[in-house]
Amino acid sequence: MRANRLEQTVIHIIFFLFACICLIPFAVLISASLTSESAIIQNGYSIWPSVFSAESYRFLLKEPMMILNAYGISIFVTVLGTAVSLIMMTLLAYPISRKDLPFRNVIAFIIFFTMLFNGGLVPTYLMYTNVFEIKNTLTAYLVPGLLVSAFFVILIRTFFTMNIPSEVIESAKIDGAGEFRIFYGIVLPLSKPVLGAVGIFQIINYWNDWFNGLIYITDNKLHSIQVMLNTILLNSQYLMTNVQAADNMVEAGDIPSHGLKMAIAVIGVIPILITYPFFQKYFAKGLTVGAVKG
Amino acid sequence: MKAMANGSTLKRAMKFKMLYIMLIPGIAYLLINNYVPMLGMIIAFKDINFAKGILGSDWVGFKNFEYLFKTADAYIITRNTILYNLVFIVVNLVVAVALAILLNEMKNRFFSRFYQSVVLLPYLISSVIIGYLVFSLLSAETGLMNKTILPWLGIDPVMWYSEPGFWPYILTFVKIWSTAGYLCIIYFAAVVGIDQEYYEAATLDGANKFQQILKITIPLITPVIVIMTLMQIGRIFYSDFGLFYQVTLDSGVLLPTTNVIDTYVYRSLLRNGDIGMSSAAGLYQSVVGFIIILASNYAVKKINPDNSLF
Amino acid sequence: MFKKMGTTVLALTMTASLMLAGCGKSNEPANNGQSGAGEGGLLPYEINMVFYGPPQKDLDEIAAEMSKITKEKINATVKLVRIEPAAWAEQSILMLTGNEQVDLIVTGGGDYSRQVAQGQLVALDDLLQKHGQGISKAFEPDVLGASKVNGQTYAIPTNRDFASHPLVLMRQDMLDKYKLDISNIKTIDDLDPIFKVIHENEPNVNVLGKASAAASIANRLLETRWDVLSDYIGVLPNLDELKVVNLYETPEYADMLNTIRRWYLAGYIHKDAATSKETAVDYIKANIGFSVINKGKPGAVGQTENRVDTKLASVDIGSQITSTTSITSIMLGIPTNSKDTDRAMMFLNLLYSDPDLINLINWGIEGKHYVKVGDSSIDFPPGVDASNSGFNLRQGWMFGNQLLSYTWATDVPNLWQEMDKYNREAKKSIAMGFTYNPIPVKTELAAITNVTRQYAMGLETGTIDPEANLPKFIAALKAAGIDKVVAEKQKQLDEWAKNK
């Protein structure tokens, strides 16, 4: 009993330290977003604002409709994208997890191969814009690159092979259940843990994606929150690499301040922070279900 | 004989019609999203002229690849890319698996859940912001290190952004900081998925915690470890662009220890924006990565066929 | 084995057919049909103009107003396609690879030579003859000719400041406070006594800052002293002589680095200068800066004073020069993706000759985004300022003939006359009109870029010691093939001079 308490204490200390390492930068982030600009330039960053100022947020919230619209787009894309991609990836992973399926290795290889080779930006862009005409549509956030990831398909497949005994499937077959019925009625209910985990990662991926926006969206009414925020950040990066444009554009004096950059990061991260515990509940529940029945 | 074998396979395959139908949406997507654009690899061998069209442009053989091997840089960037990734893979693996096992041992459910959220946090912020955060620590004049911590320890200020020697450690630390939590969650899911009966049986046999971890937990999550590791090995010739570009603030002086293939290609293309040369770099990375992963998969298969990817 | 091959073949066939479907379409040549370009009856057409800049709420309204003018004059409407600066590098490449309709695009510098080499821009000479009288009138012939590649014009420079000279800006209040005399400053080496006094009395002040985030301390001096021949890799040290040299091997460069290093060691330059995005203007604004070495042009001092909100003293340390590089850095070109190149040229011509059109895109709509406060001087309407204006793009340097537009109230009213005079009086490089084609040495340039990236910023901000690192820098450049690049440039330059 004593050993056990000691053990728990050690574990708590380790995690407390690790949590501090994870959290301190966030404290700096939030503090900087609430510090006045000249204080940052003079004193540098700190964990607590040296001179308090909400100017950055006031600037960002000057046009609340723009931010709300961008949030709306991000939420829509994240929810729909995660749902569709989970369905498609599970449908791919299940058949190749079945040891009795002919050609399963070939199919697995076809899927896996996509992780290694890609045609590059230009051909992908040409196909999506010329054949599918997705430029400046919400489809551009959903489809290119993100919908099916070979990595997750293999993760799900491994879960199926490890956790769903073939005897269960065999007995269902003997009872006369069709393949789809087995998948829907038996396999899916058993797969909550892995679907929960992959679901969370897909939510993060969809929420944080801005590359598709950079490439396929030029209309800023269609900007998702990440595209909007990253654009503000990278516009100043552009000035770092392009002397000529910088010379001319500084006349407009549009380089975002330190506090603003940090406020941008805070605004982009907060929704995930709020929703994560909610999803985590399901995540944890799914994990327990898997543990009991697995 | 062969014909018969083929016939019976096809007949057998027919029984799995439904399973094949399930595959259709996903495979169709991969064909469109991944395989069709692969045709674009021919750009790497062309002197692109849009007046002639992509297919009509002149073939130039391997000329677009030359710049990659032009100078001693080729050696430095290859070495840096592979060494960094090896270190990242190993350290991340150790840290993440250890954290996952410890997390599973934690009895207090509230704290367990709290830590699960916290360790994932760093994974959520973009590399641009990570760059700013690192700068807030390491800035020569206003950073936390030079302003507060080093004077407190009685050490002279360090010009972090002009000392290449420190960066392998800094970058490894930042990388672990940002991804170990993410990997930890994946391994944690695998650890939680282990049947409690194994542990109960082991406890009856008198095995202590450490033995249980060594003999039960680790072997049972090995398939997940192998997959995760193989995936990362497959990307060993790619590097986290944001980490090496944004976090180093693109500081030129640091290049000897921070230049990797992606940043090299990016900087080169910044000047001439040639899509032939960028395609060549992409193809080179793909081919090398492909060879490396085939070799490692082969090795895994030799040791334990169940753990291999395909 | 056979089983496996069967499926592989099946999969490959499927893939290939899809590929062909995809590619057949994507490689459809852009239709350059001269629809309705005949005299008299022009068919309606929408002109897509692609440029970069920060978002503007009323951009569509501006386009509608511009369309009213163009509808009447050339029966075309205007669509303004604004791209975020962050996305410009990708979009300017991607938009021209497909068959998206782009009728006018902002180009210049390295983008320009790449687009010409890849056949993405239309040769404009014939179109200029047909529809470009307004353009020809706006320029001196050698300025307009500066963008020629192999005798053909592929883009038109925007009419703005073409020349610049080096100057030092210093805070007047500090100069007064310490009673410093700046009348004797002739070169940068005369600055030391002043810097010393400021540094000793104001220890928190960064005495000298960078002119822009991307520019080293030395950058402005290099740019305003030599003809950098588009990329600094091979420059003309003497504006009267067709002799290309390796900039980094010149004694002048070494001297400049020593001066900067001396300042850095003395504490005049911020220790983070090589990586920091902060400019001298940011420092002065935050009251922790003193001076900057910048390039000057008419109106520059006043504009900087407005940004930092304090009086600045300026000392010119050279006279203005002009070169192909400074002229061709911002231009407008017609891509081969245009569906009606004639109409695009007619519109381009209006951008160089129609003040109403130019004022719309430079300043917005009168009464809404600006009001007139003088003959040609304008200011914000009551209640409107930079933070709430629906259109405050201020990128007149990007759209045609800036010299035809109004001037802002904070500038002198005759700014454009001064600018024109300044441009004309600038010392012209002997290589003016020569555009260098980097394609034959692009392999070397790719390697050189990485070398300069490693050393130049550190050396030119004083962060690393030139004594040890300049020789290393030069050796690395040689290994990367700089001599070949310099020789190629010299060859192209000689050929150009022969055919001039």
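Residues numbered from 1 in each chain as written. Chains lettered and ligands numbered in written order. Predicted model: local features only at pLDDT ≥ 70, side-chain atom pairs only at ≥ 80, totals over all residues. Heavy atoms only, no water.

Visitor: Please clarify how the overall build of chain C should be interpreted in this entry.
Guide: The secondary structure content of chain C amounts to 20 helices and 16 strands. In summary, chain C has a C-alpha radius of gyration of 25 Å against a globular reference of 23 Å for 500 residues, a match within 12%. Within chain C, the fraction of its 500 residues that count as buried is 62%. Intrachain contacts of chain C at a sequence separation of at least 6 include 78% that bridge at least 24 residues. Taken together, the 50 basic and 60 acidic charged side chains of chain C have centroids lying 4 Å from each other. (Helix = DSSP H or I, 4+ residues; strand = E, 2+ residues; numbered from the N terminus. Rg over C-alpha atoms; globule rule 2.2 N^0.38 Å. Buried < 20%, exposed > 50% of the residue type's maximum accessible area, 1.4 Å probe, protein only. Contact = heavy atoms within 4.5 Å. Lys, Arg positive; Asp, Glu negative; His and termini not counted. Charge placed at Lys NZ, Arg CZ, Asp CG, Glu CD.)

Visitor: How should I be thinking about the UniProt feature "transmembrane region" (unreviewed entry) in chain A in this particular structure?
Guide: When the UniProt feature table is mapped onto this chain numbering, "transmembrane region" (unreviewed entry) sits at residues 12-34, 70-94, 106-128, 140-160, 181-204 and 259-279 of chain A. Between the C-alpha atoms that bound residues 12-34 of chain A the distance is 31 Å, and the span itself is 96% helix and 0% strand. (UniProt positions renumbered as here; feature names shortened; annotations may be inferred.)

Visitor: Explain the interface of chain A and chain B to me, please; I cannot follow it from the model alone.
Guide: Buried accessible area, meaning the area lost when the parts come together, often serves as the stated size of an interface. At the interface, 91 residues of chain A touch 88 residues of chain B. With both chains or domains summed, chain A and chain B bury close to 8,400 Å², and 77% of this area falls on carbon and sulfur atoms. Broken down residue by residue, the surface that chain A buries against chain B is led by Phe15, Leu116 and Phe117 of chain A, which jointly contribute 9%. Inspection of the region where chain A meets chain B yields zero salt bridges. Counting across the chain A and chain B interface gives 10 residue pairs in polar contact (both at pLDDT 80 or more). By residue class, the composition of the side of chain A that touches chain B is 63 nonpolar, 20 polar and eight charged. (Buried area = accessible area lost by both parts, 1.4 Å probe. Salt bridge = Lys/Arg side-chain N within 4 Å of Asp/Glu carboxyl O. Polar contact = N/O pair within 3.5 Å; in protein donor to acceptor, adjacent residues only side chain to side chain. Nonpolar A, V, L, I, M, F, W, Y, C, P; charged D, E, K, R; others polar.)

Visitor: Sorry if this is basic, but what is going on with the UniProt feature "domain: PI-PLC Y-box" (unreviewed entry) in chain C here?
Guide: UniProt tags residues 380-438 of chain C as "domain: PI-PLC Y-box" (unreviewed entry). The span residues 380-438 of chain C carries 19% helix and 7% strand; its end-to-end C-alpha distance comes to 45 Å.

Visitor: Explanation requested: the nonpolar core in the structure shown.
Guide: Looking at soluble globular proteins, one finds that nonpolar side chains tend to be buried together. Leu80, Trp263, Phe290, Phe347 and Phe473 of chain C are the most contacted members of the largest nonpolar core, which has 326 residues in total. In terms of residue count, helix α7 (residues 167-192) of chain B provides more of this core than any other element does, 17 residues in total. Apart from the residues within four sequence positions on either side, phenylalanine 347 of chain C is in contact with Ile47, Met49, Met66, Thr70, Ile74, Val78, Leu104 and Leu357 of chain C. With nine residues, the next largest nonpolar core counts Ala280, Ile284, Val308 and Leu312 of chain C among its residues. (Core = buried A, V, L, I, M, F, W, Y, C linked by side-chain atoms within 4.5 Å.)

Visitor: Please explain the side chain of glutamine 285 of chain B as it appears in this structure.
Guide: Residue and element names in this part refer to chain B. Within the secondary structure layout, glutamine 285 lies in helix α13 (residues 275-303). Its relative accessible area of 8% is what places glutamine 285 among the buried residues. There is a polar contact of 3.0 Å between the side chain of glutamine 285 and the backbone oxygen of phenylalanine 237. Excluding residues within four positions of it along the chain, glutamine 285 makes contact with Phe237, Tyr238, Ile261 and Asp262.

Visitor: Sorry if this is basic, but what is going on with the environment of tyrosine 455 of chain C here?
Guide: All names here are of chain C. In this structure, tyrosine 455 sits in helix α18 (residues 442-460). Linking tyrosine 455 and threonine 328, residues 127 residues apart in sequence, is a C-alpha distance of 27 Å. Other than its neighbours up to four places away in sequence, tyrosine 455 contacts Ile464, Asn469, Lys472, Phe473 and Ala476.

Visitor: For this particular structure, what's the right way to read unusual backbone geometry?
Guide: Trans peptide bonds make up most of the peptide bonds, and negative phi angles are found at most residues other than glycine. Located in the positive-phi region is leucine 249 of chain B, a residue other than glycine, with phi close to 55°. By secondary structure assignment, the location of leucine 249 of chain B is in the loop between α10 (241-245) and α11 (255-258). Classification of leucine 249 of chain B as buried rests on a relative accessible area of 12%. A positive phi is found at arginine 394 of chain C, a non-glycine position, where the angle reads about 55°. Note on placement: arginine 394 of chain C falls in the loop between β14 (377-379) and β15 (407-408). Overall, arginine 394 of chain C belongs to the partly exposed group, its relative accessible area being 25%.

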